[in-house]
Amino acid sequence: GRFGVSLGAARNFTGSSYLNMTQLNADVRYHLSDRWNLNLGGAFGFNSFTSDADRLMNSDGILPDAAYVKNRAHFLAAFNVIYGKFRMSMDETFYFDQYVAAGPGLVTTQFGSSPSGVLDIGFVFWMGKKFDVRVGFQNEFFNEKRLKSSGFERHTLGHLDIGYTFGESKTSDSTERL
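Owing to the predicted nature of the structure, the values given are computational and were not obtained by experimental measurement. (Residues numbered from 1 in each chain as written. Predicted model: local features only at pLDDT ≥ 70, side-chain atom pairs only at ≥ 80, totals over all residues. Heavy atoms only, no water.)

**Student:** Looking at this model, I keep getting lost on a nonpolar patch on the surface. Mind explaining?
**Tutor:** A grouping of F3, V5, V28, Y30, L32, W36 and F166 is seen on the molecular surface, where their side chains present a nonpolar patch of about 640 Å² in accessible area. Secondary-structure elements contributing two or more residues to the nonpolar patch are β1 (2–12) and β2 (19–31). (Patch = residues over 30% accessible without salt bridge, like charges linked within 9 Å, V, L, I, M, F, W, Y side chains within 5 Å. Areas by Shrake-Rupley, 256 points an atom, 1.4 Å probe, with all protein chains shown as cover. Salt bridge = Lys/Arg side-chain N within 4 Å of Asp/Glu carboxyl O. Helix = DSSP H or I, 4+ residues; strand = E, 2+ residues; numbered from the N terminus.)

Dropping the structure here:
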């Protein structure tokens with residue numbers, strides 16, 4: 001197996017309408033094969049109020065009942081569904097994988113932590129055999145605790161990560177496949 005690390009950023013597209021939520025991501029992957037990997041990751045959240053929240057606080061003096069994500073963690077099993085390559089020129093070939101990953105997670109807000117189910121779908125673009133760029137959508141399903149209420153939530157995070165993989169591939173033709 002091989003190990004990989006990645007750093008990236010994400011934006012939450014489906015969170016509270018009162019919050020802008022972004023985060024920094026860090027992940028460690030253990031590649032069981034060219035098709036399967038295990039991923040341990042976490043994120044640190046950055047949040048700010050939207051103009052709707054500011055208007056509500058300024059006009060009515062009401063603080064929105066919204067939970068902001070302080071951090072996230074997950075443990076995922078990932079499968080590379082599709083492998084492909086494309087040529088930029090006669091000398092430049094890029095490889096890619098389309099992946100699906102799922103597993104348990106933990107979401108922590110200012111009101112506490114909740115277990116979550118995580119589903120991540122995206123593409124990995126390989127720059128040579130070691131460097132990669134990941135683009136995807138990660139969905140987290142959890143019970144969000146707020147000050148006066150709670151409810152089942154789905155956060156959809158668009159993410160972009162840059163990574164490095166240590167070690168060599170176990171395939172017979174390592175020039176064709178990682």
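**Student:** What should I look at first to understand the packing of aromatic side chains in this one?
**Tutor:** Any pair of aromatic rings gets described here by the distance separating the centres and the angle formed by the planes. With the rule as written, the count across this model stands at 12 aromatic pairs. Ring geometry for F3 against Y30: centres 4.9 Å apart, planes inclined by 55°, an arrangement best described as tilted. In this pair, F3 is assigned in strand β1 and Y30 in strand β2, connecting sequence segments 27 residues apart. Given the relative accessible area of 31%, Y30 is considered partly exposed. For the pair W36 and F79, a centre-to-centre distance of 4.7 Å together with 50° between the ring planes defines the contact as tilted. Taken together, the residues span a long stretch of sequence, with W36 in strand β3 (residues 36–49) and F79 in strand β4 (residues 69–87) at a distance of 43 residues. The ring of Y99 has R134 lying over it, and the distance from NZ or CZ to the ring centre is 5.6 Å. (Phe/Tyr/Trp six-rings, centres within 6.5 Å; stacked < 30°, edge-to-face > 60°. Buried < 20%, exposed > 50% of the residue type's maximum accessible area, 1.4 Å probe, protein only. Lys NZ or Arg CZ within 6 Å of the ring centre and 35° of its normal.)

**Student:** I tried to follow the sheet that holds strand β6 (residues 112–127) on my own but got confused; where do I start?
**Tutor:** Overall, antiparallel pairing links the eight strands, which are arranged β1-β2-β3-β4-β5-β6-β7-β8 in a closed barrel. Pairs of neighbouring strands in the sheet enclose a mean axial angle of 25°, with direction left out of account. Here β1 runs beside strand β8 (residues 150–166); their pairing, made up of 10 bridges, is antiparallel. Note on β8: the bridge partner recorded for L7 is I162. (Pairing = 2+ DSSP bridges. Axes fitted to C-alpha atoms, helices over the stretch in contact; angles between N-to-C directions.)

**Student:** Would you take a moment to explain the environment of L147 for this structure?
**Tutor:** For L147, the location among the structural elements is in the loop between β7 (131–145) and β8. In sequence terms L147 and K70 are 77 residues apart; their C-alpha atoms lie 15 Å from each other. If sequence neighbours within four positions are ignored, L147 has contacts with D65 and F111. (Contact = heavy atoms within 4.5 Å.)

**Student:** I'm lost on the pattern of salt bridges in this one. Help?
**Tutor:** Opposite charge on two side chains allows them to pair when their charged atoms are near. For the coordinates displayed, the defined rule picks out six salt bridges. Of the charged contacts, one joins R2 and D34 as a salt bridge, the two residues approaching to 3.5 Å between their closest N and O atoms. With a gap of 32 residues between them, R2 in strand β1 and D34 in the loop between β2 and β3 connect regions that are remote in the sequence. Among the residues examined, R2 registers a relative accessible area of 5% and is labelled buried. Accessibility expressed as a relative area gives 12% for D34, which makes it buried. Residues D132 and R134 are paired through a salt bridge, measuring 3.6 Å at the closest nitrogen-oxygen approach.

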